[in-house]
Amino acid sequence: MSNSHQIGLEINRLTKTFNTDRLAVTALENVDLKIRKGQFASIVGTSGCGKTTLLRIVAGLENDFDGSIELDGKDIKGPSKDKGVIFQEHRLLPWLTIEENVGFGLVSRPAAERRELVERYLALVGLKKFAKAYPAQISGGMAQRAAIARALVNKPKILLLDEPFGALDAITRMHMHSELEKIWLDEKTTMVMVTHDVEEAVYLSDVVILMSHRPGRIKKIIPVPLARPRNRSHPDFLAIKRELLEEFHLNNKDIFTYEI
Amino acid sequence: MSAENIQLLARNVSAVPAKPKEYVGHPNTAGYYWRIRRALAKIKPVLALLKDKSLDWALPVGILLLWEISTQLHWVKPVFLPGPREVAESFYDLLVNQDLLLDFRASAIEVVLGFSLGAVLGLLTGIGAGLSHSVERFLGTTLNAFRQVPPLAWLPLLVLWIGISLFAKSVMIGKAVFFPVFLNTLQGIRGVSKKYIEVASIFEYNQALLLRRVILPAALPSIFVGLRYGAGLAWATVIVAEMLGSRVGLGFLLTRAQEMLLTAQLFVVIVIIGAVGYLVDVALRKIENNLLRWKKGFAG
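## Focus on helix α1 (residues 51–59) of chain A
All names here are of chain A.
Now for step 1: The buried fraction of α1 is high, at eight of nine residues.
Now for step 2: Restricting attention to buried positions, one finds in α1 the residues Lys51, Thr53, Leu54, Leu55, Arg56, Ile57, Val58 and Ala59.
Now for step 3: With its phi angle positive at about 85°, glycine 60 sits one or two positions after the end of α1.

Take a look at the structure:
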């Protein structure tokens, strides 16, 4: 664990404003964040708090922001292979088979190496039998697993997950949690996940980052020092979950007041 | 119940006591029964196919029947509407004693050349304009003005410049094919979801890879709409072009038949035009279904 205390992702005074025709919306304001190498971090907040914007900026998919973001001490300039992204929708290309999708990021590698890597990661996510299927022929959970394989196959330095299991049913989601945890333990990739599911965050994360609503700021950072695999009904688990939920409600007090 | 019936019932009860369910029947009837069963079993696949395709072919067969009946019963004078048999005879005559194949070949070559010209140019221009707003703006004004002039309006000018040649007709067809292919390619590329472009950018795709693996496949359904529509236009345009200025081709046959009042020949050519156009569309649809087999659309 030599690099476990090294900083993987470092965000300094990040501010992002969306300018529309009539008004300017500040999505993120002075966000400072350090995530260690190999850590699993979750960013939790209500919808519209800017957490997805934060993730997209780290992924290099948004530009025009103030502040600095460094991955392994290097400034982030646009999207790249070393920053894998899992979106809420699987975003598999419908005209490619599952194996072609998983190998989508390997076009520059020799064919033999590509085949071997695709096979290994298909096995990792349990989709070997569906290698030749098209995305339209498999279920949502399987498609999301294929998307995870596609993102991991390049051995990214960091994997960014944007509400990756939001579209799945509760049972499938719990299966995916343990599978993702297994993959994380195997691959030791730094993972940053955006979610609004507090239990999901507590189950998977070493650290949960709570964001406030508009403008998005970091409200609180809560470590989760529980042994893995975690028991969702253990008192310690529930205590952390309760702590987070309470913060949530404190945050949301004014969001749910209506003026008629 | 009559006395006779009661008698029959009584007889049945007494006559067939042991095996009431087994039907023996007359020895001859049994033979016929099995022979019919076997015959039916033999034509079963044919019947299934008929049933399968009956909805597709019911209307054309019905029209053909009505046509035959109307000529048999002399509803219409043969000079206006010759019967199917007369048309078939005329087809044979054109094929054997005249140069139907040569005329067909001339039309087909013009269509293939013109379609290729228009489709390739339309595809390339569409891709260029689809990828770059500057290209679209640079070409837009000119192309839009060009588009307003129908293919036929160019014919006199083309004839003046290059004569009534294969090339002139192909250029005219090419013009007709160009616009549906160009516009649908442009629209298809502009309709590609940004989500897929983002995925490609994460994997550091360059322009060429992006075009080949993301943009073109995504735009393909739309491109095929243009190609199929263009193929129909090409076939229609060649006929008109030949009718107006040509000494060869199916369109020329139409004009000649009209001048000589050979109504049966008119029908022969019309049926050929329809059948070939139909077959070309079927073939294109086959190719399309094969290329777009990943697409799971509304089944209907």
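## Side note on the interface of chain B and chain A
Now for step 1: Contact with chain B, which involves 18 residues of that partner, is made by 24 residues of chain A.
Now for step 2: In total, chain B and chain A occlude about 2,100 Å² of area from one another, counting both sides; carbon and sulfur atoms represent 67% of this.
Now for step 3: One salt bridge in this structure joins Arg56(A) and Glu198(B), with 2.6 Å as the shortest N-O distance.
Now for step 4: If you look at where chain B meets chain A, you find eight residue pairs in polar contact (both at pLDDT 80 or more).
Now for step 5: Taken together, the elements giving at least two residues each to the side of chain B that touches chain A come down to α8 (194–202) and α9 (207–244) of chain B.

## Things to note about the pattern of salt bridges
Any two side chains of opposite charge can pair if their charged atoms end up close together.
Now for step 1: In the structure shown here, the tally under the stated rule is 28 salt bridges over all chains.
Now for step 2: Where Glu163(A) meets Lys51(A), a salt bridge forms, and the shortest distance between an N and an O atom there is 3.8 Å. Of this pair, Glu163(A) sits in the loop between β7 (158–162) and α5 (170–187) while Lys51(A) sits in helix α1, and the two are 112 residues apart along the sequence.
Now for step 3: Exposure remark for Lys51(A): the relative accessible area of 3% places this residue in the buried category.
Now for step 4: Residue Arg190(B) is joined to Glu136(B) by a salt bridge in which the shortest nitrogen-to-oxygen separation is 2.8 Å.

## Considering the pairing of strand β6 (residues 83–86) of chain A
All names here are of chain A.
Now for step 1: Burial of the side chains of β6 extends over both faces: Lys83 and Val85 are buried on one face and Gly84 and Ile86 on the other.
Now for step 2: In terms of strand pairing, β6 meets β7 through four bridges, oriented parallel. Residue pairing for β7: lysine 83 is matched across the bridge by isoleucine 158.

## Regarding helix α5 (residues 133–148) of chain B
Because an α-helix completes one turn every 3.6 residues, residues spaced three or four positions apart along the sequence face the same direction.
Now for step 1: Helix length check: α5(B), at 16 residues, gives a terminal C-alpha distance of 22 Å against a target of 22 Å (1.5 Å per residue), a fit within 8%.
Now for step 2: Residue Ser132(B) occupies the N-cap position of α5(B), its side-chain oxygen lying 3.2 Å from the main-chain nitrogen of Ser134(B).

## Quick word on the environment of Gln207(B)
Residue and element names in this part refer to chain B.
Now for step 1: Mapped onto the elements of the fold, glutamine 207 is located in helix α9.
Now for step 2: Owing to a relative accessible area of 54%, glutamine 207 belongs among the exposed residues under this scheme.
Now for step 3: Along the backbone, glutamine 207 and glycine 274 are 67 residues apart, and their C-alpha atoms lie at a distance of 42 Å.

## Digging into the domain arrangement of chain A
Residue and element names in this part refer to chain A.
Now for step 1: For chain A, the assigned domains read domain 1 (7–82 + 158–243) and domain 2 (92–155).
Now for step 2: A C-alpha centroid distance of 25 Å is found between domain 1 and domain 2.
Now for step 3: Contact residues are listed per partner, giving 13 residues for domain 1 and 14 residues for domain 2.
Now for step 4: Each partner contributes to the roughly 1,100 Å² buried at the junction of domain 1 and domain 2, and carbon and sulfur atoms together form 65% of this total.
Now for step 5: Interface area lost by domain 1 to domain 2 is led by Lys81, Ile183 and Glu187, which between them contribute 43%.
Now for step 6: Where domain 1 meets domain 2, there are two salt bridges.
Now for step 7: A salt bridge links glutamate 187 to lysine 155; the shortest N-O distance between them is 3.4 Å.
Now for step 8: At the junction of domain 1 and domain 2, the tally comes to four residue pairs in polar contact (both at pLDDT 80 or more).
Now for step 9: Per-element tally for the side of domain 1 that touches domain 2: the top contributor is α5, with seven residues.
Now for step 10: Its residues assigned to classes, the side of domain 1 that touches domain 2 shows seven nonpolar, two polar and four charged.

## Examining the nonpolar core
Now for step 1: Counting residues in each nonpolar core, the largest one holds 77 residues, and the members touching the most others are Leu9(A), Ile11(A), Phe104(A) and Leu250(B).
Now for step 2: In terms of residue count, the dominant contributor to this core is α9(B) (13 residues).
Now for step 3: When residues of this core are assigned to domains, at least three fall in each of domain 1 (7–82 + 158–243) and domain 2 (92–155) of chain A.
Now for step 4: Not counting residues up to four positions away in its chain, the partners in contact with Leu250(B) are Leu100(B), Asp103(B), Phe104(B), Ser107(B), Trp235(B), Ile239(B), Glu242(B), Val269(B), Ile272(B) and Ile273(B).
Now for step 5: Leu127(A), Ala146(A), Ala147(A) and Leu180(A) belong to the second-largest nonpolar core, a separate cluster that totals 49 residues.

## Some remarks on the packing of aromatic side chains
Now for step 1: In this structure the tally under the stated criterion is eleven aromatic pairs over all chains.
Now for step 2: An angle of 75° between the planes, with centres 5.2 Å apart, marks the rings of Tyr33(B) and Trp34(B) as edge-to-face.
Now for step 3: With a relative accessible area of 45%, Tyr33(B) lands in the partly exposed category.
Now for step 4: For Trp34(B), a relative accessible area of 47% corresponds to the partly exposed category.
Now for step 5: Aromatic side chains Phe178(B) and Phe179(B) sit 5.0 Å apart centroid to centroid with 85° between the ring planes, which places their arrangement in the edge-to-face category. Like Phe179(B), Phe178(B) is buried.
Now for step 6: Connected via pairs of aromatic rings, a cluster forms that spans Trp95(A), Tyr196(B) and Trp294(B).
Now for step 7: One residue, Arg91(A), lies across the ring of Phe87(A), its end atom 3.6 Å from the ring centre.
Now for step 8: Here the basic side chain of Arg232(A) rests over the ring of Tyr203(A), its NZ or CZ set 4.1 Å away from the ring centre.

Rules behind the numbers
- Residues numbered from 1 in each chain as written.
- Chains lettered and ligands numbered in written order.
- Predicted model: local features only at pLDDT ≥ 70, side-chain atom pairs only at ≥ 80, totals over all residues.
- Heavy atoms only, no water.
- Buried < 20%, exposed > 50% of the residue type's maximum accessible area, 1.4 Å probe, protein only.
- Helix = DSSP H or I, 4+ residues; strand = E, 2+ residues; numbered from the N terminus.
- Contact = heavy atoms within 4.5 Å.
- Buried area = accessible area lost by both parts, 1.4 Å probe.
- Salt bridge = Lys/Arg side-chain N within 4 Å of Asp/Glu carboxyl O.
- Polar contact = N/O pair within 3.5 Å; in protein donor to acceptor, adjacent residues only side chain to side chain.
- Pairing = 2+ DSSP bridges.
- Expected span 1.5 Å × (residues − 1).
- Domains from an automatic or database assignment.
- Nonpolar A, V, L, I, M, F, W, Y, C, P; charged D, E, K, R; others polar.
- Core = buried A, V, L, I, M, F, W, Y, C linked by side-chain atoms within 4.5 Å.
- Phe/Tyr/Trp six-rings, centres within 6.5 Å; stacked < 30°, edge-to-face > 60°.
- Lys NZ or Arg CZ within 6 Å of the ring centre and 35° of its normal.

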